[in-house]
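Examining the three-dimensional arrangement
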Amino acid sequence: MLLVQGLFWFFSAILVIAALGVITSRNPVHSALSLVVCFITSAAIWLLIEAEFLAVVLVLVYVGAVMVLFLFVIMMLDINTESLRSGFTKYAWLGWITAAVVIVEIVGVVTAKSMGVDVTKGMAPQPEGYSNTTELGSVLYTKYAYPFELAAVLLLVAIVAAIALTMRKRPNLKVQDITAQTNAVAKDRVRIIKMDPVRDEVVAADAGAAAATPIPAAAAAHAAKPEKGA
């Protein structure tokens, strides 16, 4: 039990330090890396409460996919940090309100014992053979199947909207106009021109140009040399 408490306070301290690094770092890449540390330490804390499925999903999905995507986007985009810093004070009041709410919640958890809440009892140990993944999957794909599918559709819509908003204002972008394509008329796209035949004149001009071209001496000697058997 002492080992579990020690690991909890150890990972909690790292989590708090990494969270402070996310909001205090001036470099967006450093903030994203600090957020990766937050996810990993949160997964470790979830392992301590036997939520192994959520811990594995947090590492594989958020750290392995989402944060890697964030890093690529941050490094590929030309972010104007000066404009971001200038608009930081505009939303400072919202940040202070959020911080105050979090502080009140933390104080309430710490002082819960003085309010008459029994905090001596921890989580009941799970029976042998219990699988957090099985229990979560059975609930997710039976009772909450429709909300799960709805969340997937919302994520797809968010991805399409993000791509559309990003690609809309790029310079020299070729955008497909479906209305113009469907309203296209053949006579506006193809023009047939009748011309007199000029094949004889072109052949004569090519022959005259070939005659006027000087032949190198080596080529002339090779042409004048009779072949064997002639």
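Below you will find a few notes about this structure. Note that the coordinates shown come from a computational prediction; the quantities given were computed from them, not determined experimentally.

Observations regarding the overall build of the protein
- Counting secondary structure elements, the protein contains eleven helices and zero strands.
- Put simply, the protein runs from its N terminus to its C terminus through helices and strands in the order α-α-α-α-α-α-α-α-α-α-α.
- The proportion of buried residues among the 230 residues of the protein is 10%.
- Put simply, of all contacts in the protein between residues at least 6 apart along the chain, 56% involve residues at least 24 apart.
- For the protein, the exposed area adds up to about 19800 Å²; of that, 69% sits on carbon and sulfur atoms.

Side note on a nonpolar patch on the surface
- A cluster of nonpolar side chains, contributed by Val56, Val59, Leu60, Val61 and Tyr62, occupies part of the molecular surface with about 420 Å² of accessible area.
- Structurally, Val56 can be placed in helix α3 (residues 52–76).
- We classify Val56 as partly exposed; its relative accessible area is 44%.

Re the packing of aromatic side chains
- Applying the stated criterion across every chain, the model contains four aromatic pairs.
- Seen from their ring centres, Phe8 and Trp9 are 5.5 Å apart, and the 70° between their planes marks the pair as edge-to-face.
- Aromatic pair Phe10 and Phe11: ring centres 5.4 Å apart, planes at 65°, arrangement edge-to-face.

With respect to the packing of α3 against helix α6 (residues 132–140)
- Where α3 contacts α6, the two axes come as close as 7 Å, and the packing angle between them is 80°. Taken together, the axes of α3 and α6 lie roughly perpendicular to each other. Here Glu52, Phe53 and Leu54 of α3 lie close against α6, whose contacting residues are Asn132, Thr133 and Leu136.
- When grouped by side-chain class, the residues that make up the contact of α3 with α6 number three nonpolar, two polar and one charged.

Some details on the side chain of Ser34
- Within the secondary structure, Ser34 sits in helix α2 (residues 28–48).
- For Ser34, the contacting residues outside a window of four places in its chain are Ala18, Gly21 and Val22.

Here we look at the nonpolar core
- Formed by Ala32, Val36, Phe39, Ala43, Ala55, Leu58, Val63, Met67 and Leu71, the largest nonpolar core amounts to nine residues.
- In terms of residue count, α3 provides more of this core than any other element does, five residues in total.
- When neighbours within four sequence positions are excluded, Leu58 is seen to be in contact with Phe39, Ser42, Ala43, Trp46 and Val63.

What counts and what doesn't
Residues numbered from 1 in each chain as written. Predicted model: local features only at pLDDT ≥ 70, side-chain atom pairs only at ≥ 80, totals over all residues. Heavy atoms only, no water. Helix = DSSP H or I, 4+ residues; strand = E, 2+ residues; numbered from the N terminus. Buried < 20%, exposed > 50% of the residue type's maximum accessible area, 1.4 Å probe, protein only. Contact = heavy atoms within 4.5 Å. Areas by Shrake-Rupley, 256 points an atom, 1.4 Å probe, with all protein chains shown as cover. Patch = residues over 30% accessible without salt bridge, like charges linked within 9 Å, V, L, I, M, F, W, Y side chains within 5 Å. Salt bridge = Lys/Arg side-chain N within 4 Å of Asp/Glu carboxyl O. Phe/Tyr/Trp six-rings, centres within 6.5 Å; stacked < 30°, edge-to-face > 60°. Axes fitted to C-alpha atoms, helices over the stretch in contact; angles between N-to-C directions. Parallel < 35°, antiparallel > 145°, perpendicular 65-115°, else oblique. Nonpolar A, V, L, I, M, F, W, Y, C, P; charged D, E, K, R; others polar. Core = buried A, V, L, I, M, F, W, Y, C linked by side-chain atoms within 4.5 Å.

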